[in-house]
2 protein chains.
Amino acid sequence: MAEKLIGSAIFGQSGGPTSVINSSAYGVIRTALDSDEITNVYGAENGIIGVLNDRLFDMSKEDADELLLLVNTPSSELGSCRYKIADPDEDDTDYKKILKVFKKYNVRYFFYNGGNDSMDTCNKIYRYMKKVGYECRVIGVPKTIDNDLSGTDHCPGYGSAAKYIATSCMEVSKDNKVYTTDNITVMEIMGRHAGWLTAASVLASDKGEGPDLIYLPETDFDLDQFFDDVQKVHEKKGDVFIAVSEGIHYDNGRFVAEVQTSTTDGFGHAQLGGVANYLGGLLKARTGIKTRAIELSLLQRSAAHMASKTDIEEAIEAGKFAVKSALAGKTGRMVAFERDPDSTSYKCKMILVPLSEAANAEKKVPREWINKRGNFVNKEFLDYALPLIQGEPVRYFEDSLPRYARLKKVIAEK
Amino acid sequence: MAEKLIGSAIFGQSGGPTSVINSSAYGVIRTALDSDEITNVYGAENGIIGVLNDRLFDMSKEDADELLLLVNTPSSELGSCRYKIADPDEDDTDYKKILKVFKKYNVRYFFYNGGNDSMDTCNKIYRYMKKVGYECRVIGVPKTIDNDLSGTDHCPGYGSAAKYIATSCMEVSKDNKVYTTDNITVMEIMGRHAGWLTAASVLASDKGEGPDLIYLPETDFDLDQFFDDVQKVHEKKGDVFIAVSEGIHYDNGRFVAEVQTSTTDGFGHAQLGGVANYLGGLLKARTGIKTRAIELSLLQRSAAHMASKTDIEEAIEAGKFAVKSALAGKTGRMVAFERDPDSTSYKCKMILVPLSEAANAEKKVPREWINKRGNFVNKEFLDYALPLIQGEPVRYFEDSLPRYARLKKVIAEK
């Protein structure tokens, strides 16, 4: 048994939002509020920025029912940030500010919910507090739709995004087939360096209603081969449905979407728009076939209305586990999921991994889960991803629109 | 009582798909299959093209359970078309072919499901059959996400698209607010000449989670005023969320998106992309604020996963009513919805209107439902649209993805 540590807790959200980051928020906040050792529970406004600016929400002021609605509320309800914190050994300015706030509120528990960069921040704070001898237990809670965190089988947020992407692919695929005239659809899915999200489109293909071609950043993109691939599908099926990661790149490492940046409109202004627009334009010019570019954009990371029940439940549990682990004396760790490789059905348990492990390398889709030609995804991926999208959560509506949490966000005063 | 007319029925789908056009298909097909007077029920492959090519599916060969799944299946399951049929008084080539097929299968009932152009096709077939003295009862079933059909309070398909749009706006709005840095989001919503779909974004704003500015094609778009509007919201709120119809235009009638067509990429190829990309690029260049363009594209007309129960039920009922009306001797009519203006709660009944009425003018959002400055939508619109998105349908899943109808589509032989 760890020694009892009495004090406050801060919870912060960081990086890009997901459909279930607030589910983890609920897991942390509810468990912390219910703990006897945690005296006060604060939510940091915009992650670590809220700590630096002493902008903390007193979570005890919230209605329990509204807190519970966090479970189905997309985006980062407390606000997020992309703040790059210095290495404490090089510049400890920020850390002194953080320490001051920690002391002011007697913060002894720090929970940070995010992806690679956020775990890096979390790890640096852990190291600094240890160095200066301030007792504080620091636990990271994983989150990213990108699913690229090391040390964990998968990340909360991914399953719901994957489910939305697969569903949208099924619907668009059905739409594509209605006319007698052929058409090409290029769908752009998030993922700068890892193709987990784009690969999820194969869940739709598996039902006969998804992309014919899938390109991930894990392989080099070749324009000639691409044209050839499209041509072959066109000859066989007429309509062509293509899923591409935003981060596909040539063998020289240059992003395919980078060409876009030189594009200007009639006024000489840079155009927004990504790789689907670009490839769609090329295909249209080359084939003359009606071509449509669809970018799932922010929708894929905020579509809580199509969330996976498994994902939501795991996100809540990850939050709970973070608090319980800290209460049990753990620190400098991130919650991770470990899948039982021997179980025929999906079975995951939660473990703790060093923050430093999670803060490092991006986890990519294994090359052997992608076909040899690099234009589709294999069954290994399907077996991996399918369990993560399972189940339909209870949904809350108001006027038949989603009813999201409405927090009071009362700033803590001391 | 009308004279009993014994013979076959053809049902066809035409124009752009919706989330609930197959619900109407179910309504027509099921009711026709159950009728004693209708001897055979055929589904035309790709609408009127299937009739012209004698490609008819024998709907009696389908499993009842799969037919029922049509109720939740997006897109036009029998295939659609955008075939422009000649005026029978000028060129009766197609009509002779149609008559031949009608005679071959003893078709005495023709049901056509679509928007303005489809009702025009339907009306021409009705007129021709009447002229040549071939007895056939012709009824149109309304459908369009655009909601621009005359003669009806609203169109099946609109409510579900509106619900998806509002939900997506809520989710994107939440996502937009998470960072401390300001951003501008421009969301492009379908609607070339009528702003019904874009106006639906106000359902989200009404919950505090939608666009700040809404521009419809019903008013002239002015770029200077637009910049001014954005600037004002930015000063007040920081983040700016803008919804625009794809069809917004300047006072000279020129589409704002038309400028796009002159845009080329580095290879000299025309770029795909619409008005959101264009305005986003202008705003980014002008303000330097992070700007994002989102185009809902095909998603908004195929997102059956977020369908309105009211819409689905009305779509089914419209199909049923079409068949029952034809059996009762009606012809040359379209099913329409009439809202009870005296009822405090939403109450609609079905009526029949002449096909010629529906085939004509596009119905637009009344000017008085839009604010004076033309950058937002009034409460009148909200009161109109809210009832149409109500209710959550039962959803069918397979592996936690939507389970759509899988029809055999057996070609009828005779």
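Residues numbered from 1 in each chain as written. Chains lettered and ligands numbered in written order. Predicted model: local features only at pLDDT ≥ 70, side-chain atom pairs only at ≥ 80, totals over all residues.

### Focus on the overall build of chain A
Line of reasoning, step 1. Each helix and strand counted, chain A has 14 helices and 13 strands in total.
Line of reasoning, step 2. Oriented by its inertia axes, the alpha-carbon framework of chain A measures out at about 70 × 45 × 45 Å.
Line of reasoning, step 3. Relative to its full complement of 414 residues, chain A shows a buried share of 60%.
Line of reasoning, step 4. Sequence separation of 24 or more characterises 77% of the internal contacts of chain A that already satisfy a separation of 6 or more. (Helix = DSSP H or I, 4+ residues; strand = E, 2+ residues; numbered from the N terminus. Buried ≥ 20, exposed ≤ 12 C-beta atoms within 10 Å, placed from the backbone. Contact = placed C-beta atoms within 7 Å.)

### Section: unusual backbone geometry
All names here are of chain A.
Line of reasoning, step 1. For S75, which is not glycine, the phi torsion reads 70° and is therefore positive.
Line of reasoning, step 2. One can find S75 in the loop between α3 (64-69) and α4 (93-104).
Line of reasoning, step 3. Given 28 C-beta atoms within a 10 Å radius, S75 is considered buried.
Line of reasoning, step 4. A positive phi angle is found at S297, which is not glycine, with a value near 45°.
Line of reasoning, step 5. By the element assignment, S297 lies in the loop between β9 (290-295) and α11 (299-302).
Line of reasoning, step 6. Residue classification places S297 among the buried residues on the basis of 22 C-beta atoms within 10 Å.

### Details of the interface of chain A and chain B
Line of reasoning, step 1. Listed as interface residues are 67 residues of chain A and, on the opposing side, 67 residues of chain B.
Line of reasoning, step 2. Elements supplying a minimum of two residues to the side of chain A that touches chain B: α6 (158-176), α10 (275-287), β9, α11 and β13 (401-402) of chain A.
Line of reasoning, step 3. Per element, the largest residue contribution to the side of chain A that touches chain B is 9 residues, and it comes from α6(A).
Line of reasoning, step 4. Looking at the side of chain A that touches chain B residue by residue, the class counts come to 30 nonpolar, 25 polar and 12 charged. (Nonpolar A, V, L, I, M, F, W, Y, C, P; charged D, E, K, R; others polar.)

### Thoughts on the environment of R108(B)
Residue and element names in this part refer to chain B.
Line of reasoning, step 1. As for its placement among the helices and strands, R108 is situated in strand β4 (residues 107-114).
Line of reasoning, step 2. The spacing of R108 and I38 is 70 residues in sequence and 8.3 Å in space, taken between C-alpha atoms.
Line of reasoning, step 3. R108 has contacts with L5, G7, S8, E135, C136 and R137, leaving out every residue within four places of it along the chain.

### Examining the relation of the copies chain A and chain B
Line of reasoning, step 1. Here chain A sits on chain B after a turn of 180° about the axis and a move of 0.0 Å along it, with an RMSD of 0.0 Å. Each copy turns onto its partner about a two-fold axis.
Line of reasoning, step 2. A shared binding surface is used by both copies, with 99% of the interface residues of chain A retained as interface residues in chain B. (Least-squares fit on C-alpha atoms with pLDDT ≥ 70 in both.)

### Re the nonpolar core
Line of reasoning, step 1. Among the nonpolar cores identified, the biggest contains 268 residues, and F111(A), A162(A), F111(B) and A162(B) are the most heavily contacted of them.
Line of reasoning, step 2. In this structure F111(A) touches A9(A), F11(A), V28(A), I139(A), V141(A), A322(A) and V323(A), once residues within four positions along its chain are discounted. (Core = buried A, V, L, I, M, F, W, Y, C linked by C-beta atoms within 7 Å.)

### Some thoughts on the domain arrangement of chain A
Line of reasoning, step 1. Assigned domains within chain A: domain 1 (7-145 + 304-360 + 391-402) and domain 2 (158-300).
Line of reasoning, step 2. A breakdown of the residues in the side of domain 1 of chain A that touches domain 2 of chain A according to their chemical character gives 4 nonpolar, 4 polar and 1 charged. (Domains from an automatic or database assignment.)

### Description of the sheet that holds strand β1 (residues 7-13) of chain A
Residues and elements named next belong to chain A.
Line of reasoning, step 1. The strand order across the open sheet built from 7 strands is β3-β2-β1-β4-β5-β10-β11, with neighbouring strands paired in mixed fashion. Strands at the two margins of the open sheet, each flanked by one partner only, are β3 (56-58) and β11 (348-354). Mean inter-strand twist for the sheet, computed between neighbouring axes without regard to direction, equals 30°.
Line of reasoning, step 2. Relative to strand β10 (residues 333-339), strand β5 (residues 137-142) runs parallel, the two being bridged by 2 bridges. From the neighbouring strand, I139 faces β10, where its bridge partner is R333. (Pairing = 2+ DSSP bridges. Axes fitted to C-alpha atoms, helices over the stretch in contact; angles between N-to-C directions.)

### Some thoughts on the sheet that holds strand β6 (residues 183-189) of chain B
Strands belonging to one sheet form pairs held by backbone hydrogen bonds; the direction of such a pair is parallel or antiparallel.
Residues and elements named next belong to chain B.
Line of reasoning, step 1. Read across the sheet, 4 strands follow the order β7-β8-β6-β9 without closing on themselves; strand pairing throughout is parallel. Among the strands making up the open sheet, the edge pair consists of β7 (213-215) and β9 (290-295). Averaged over all neighbouring strand pairs, the angle between strand axes comes to 15°, with direction disregarded.
Line of reasoning, step 2. Inspection of the sheet shows β6 paired to β9 by 6 bridges, in the parallel sense. Within the sheet, the bridge partner assigned to M187 lies in β9 and is I294.
Line of reasoning, step 3. Relative to the sheet, helix α9 (residues 223-237) contacts β6, β7 and β8 (240-245), its axis offset from that of β8 by approximately 150°.
Line of reasoning, step 4. The strands touched by helix α10 (residues 275-287) are β6, β8 and β9; relative to β9, the strand with the most contacts, the crossing angle is about 175°.

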